[in-house]
Amino acid sequence: EQSVAVLFSGGDAPGMNAFLRAVVRLGLNREKIAVLGIRDGYRGLVRTARAVNDDAEALVRLKNDIATHTGRAGLISEQLHIIQMDHASVSGIMGKGGTILGSARCLEFHDKKVRDSVIKLLKSLNVRALVVVGGDGSLTGARLLAQESDLRVIGVPATIDNDLQFTDMALGVDTAVNTLVWAVDHFIDTARSHRRVMVLETMGRASGDLARMAGLASGAEMIITPEAGPLNEEAMKKLAAKIEGAMTRGRGHAIVLVAEGVEFDPPQKRNRAYVLMDAFQQYFQRAGAPFQDLEVRPSVLGHLQRGGHTTPGDCILAARFADHAWKTIQQPDGGSGITALRKNVVEIVPYGEPDMPERAAFSREMEQLHDDLSSW
Ligand code: F6P
């Protein structure tokens, strides 16, 4: 019997579990096709391929294990990396962050021989399509698998960074922005009470979109993003002067969001929030400055941005991506591709699709809107 396999790769993102639930339920209810869940992303496949590809008996044992350890039984058997999912195995997981199947970054997958071994494994298990859920690197792996085999490989964008320029939104972004707004709300309490400047470092890799969206949604006073280029001493002084100016006009506190992709000229080893704290503090304390006792506190928000309860927006997007993944898999002449949200329509776009100019425009618009909404 043919099946469809699904794996989660790279950094976990909220919405992965909601996607798993949707892809499994649609498979069982609507398409009547078994869904295999792969544990620990590509790494799970690589390890399994290594164990069974040249060992006929091991392959028979694996097939037997998959057939007998269905759903929950498969999930609790830690050694098994390939699990036949059932209704109950995805029950109650929709809003949970992370991924119940686990995820991993798998450097070995850069090696074509390793990818070939995975293709061989999937073929011996009669898998007709593979669904890969993850960010940039994971989708590159998916593209290579699609190019190097006749498997259908469907990519699904999931990353809190929102750095994939072919889709308006990736899974996880909405939840991460929500979490950042929650975090900013907490920092505002102290910032207001102590009349402080809080510098908060957000994730996002080389992209400033997460910081921008969080800034717009939380009302944080300042957003510093990598797209503006590296910050030198002069640029940091200008930012500090902007904060000081706002204080002069009666403002009592400031929340500054700095994206982790921001670089400095000359380069700095410390976290951005700390570098900015020192630069701002030094500026505020210069001789004759009006707010010499203005304190700055840094915080690196880190992985709290990746976890937590998934928002309804991400759950809905997950269901729509799963629906589209299935529709593509079931099209007799449909090939491989990635699910993308464009102008609120879910489409399948080919791998290697060029950047949408609308995405850069959207980023600029958000930044402008943030400035226009500012009371500074
Ligand atoms: O891609 C998601 C992300 O959270 C980035 O924002 C961050 O730079 C990176 O992953 C952190 O990776 P890790 O969890 O491996 O430390």
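These remarks concern the structure in this document. Predicted model, so just to flag it, every value in this text is computed and none were measured.

**A short note on the packing of helix α2 (residues 41–52) against helix α3 (residues 56–68)**
In the contact formed by α2 and α3, the axes pass within 7 Å of each other and the chain directions differ by 130 degrees. Judged on the interaxial angle alone, α3 and α2 are oblique. Contacts between α2 and α3 involve Thr48, Ala51 and Val52 from the first element and Ala58, Leu59 and Leu62 from the second. Within the contact of α2 with α3, the residues separate by chemical class into 5 nonpolar, 1 polar and no charged.

**What about helix α6 (residues 136–148)?**
The end-to-end C-alpha distance of α6, which contains 13 residues, comes to 18 Å, matching closely the 18 Å that a straight helix rising 1.5 Å per residue would cover. Where α6 is concerned, the buried positions are Ser138, Leu139, Gly141, Ala142, Leu145 and Ala146. Buried residues of α6, seen end-on, are gathered within an arc of 150 degrees and therefore sit on one face of the element. Here the buried face of α6 lies against α2, α5 (112–124), β4 (127–134), β5 (152–157) and β10 (337–342).

**Observations regarding unusual backbone geometry**
For the bond from aspartate 265 to proline 266, the omega torsion is 0 degrees, close enough to zero to count as cis. You can see proline 266 is positioned in the loop between β8 (254–259) and α10 (272–284).

**Quick notes on the environment of threonine 311**
Position of threonine 311 among the secondary structure elements: in the loop between β9 (295–300) and α11 (312–330). Distance in space between the C-alpha atoms of threonine 311 and alanine 67 is 34 Å, their sequence separation being 244 residues. Not counting chain neighbours up to four residues away, the residues in contact with threonine 311 comprise Asp174, Thr175 and Asn178.

**Some details on α5**
With 13 residues, α5 should cover 18 Å at 1.5 Å per step; its first-to-last C-alpha distance of 18 Å lies within 8% of that length. For α5, the set of buried residues is Arg115, Ser117, Val118, Leu121 and Leu122. Taken down its axis, α5 places every buried residue within 155 degrees of arc, on the same side. Away from its buried face by more than 90 degrees, α5 exposes Lys112 and Lys113. Of the surrounding secondary structure, the elements contacted by the buried residues of α5 are β1 (3–8), α2, β4 and α6. One or two positions beyond α5, positive phi appears at asparagine 126, with a value near 65 degrees.

**Notes on the sheet that holds β9**
Strands sit in the order β7-β8-β6-β9 across an open sheet of 4 strands; the sheet is parallel. Across the chains shown, the open sheet's two edge strands, defined by having one partner strand only, are β7 (222–224) and β9. Strand-to-strand twist across the sheet, computed as the mean angle between neighbouring axes with direction ignored, equals 20 degrees. Pairing of strand β6 (residues 196–202) with β9, which is carried by 6 bridges, proceeds in the parallel orientation. When the sheet's bridge partners are listed, glutamate 201 is paired in β9 with valine 300. Across the face of the sheet, helix α8 (residues 209–218) comes into contact with β6, β7 and β8 while running at roughly 160 degrees to β8.

What counts and what doesn't
Residues numbered from 1 in each chain as written. Predicted model: local features only at pLDDT ≥ 70, side-chain atom pairs only at ≥ 80, totals over all residues. Axes fitted to C-alpha atoms, helices over the stretch in contact; angles between N-to-C directions. Helix = DSSP H or I, 4+ residues; strand = E, 2+ residues; numbered from the N terminus. Parallel < 35°, antiparallel > 145°, perpendicular 65-115°, else oblique. Contact = placed C-beta atoms within 7 Å. Nonpolar A, V, L, I, M, F, W, Y, C, P; charged D, E, K, R; others polar. Expected span 1.5 Å × (residues − 1). Buried ≥ 20, exposed ≤ 12 C-beta atoms within 10 Å, placed from the backbone. Arc of directions from axis to C-beta. Pairing = 2+ DSSP bridges.

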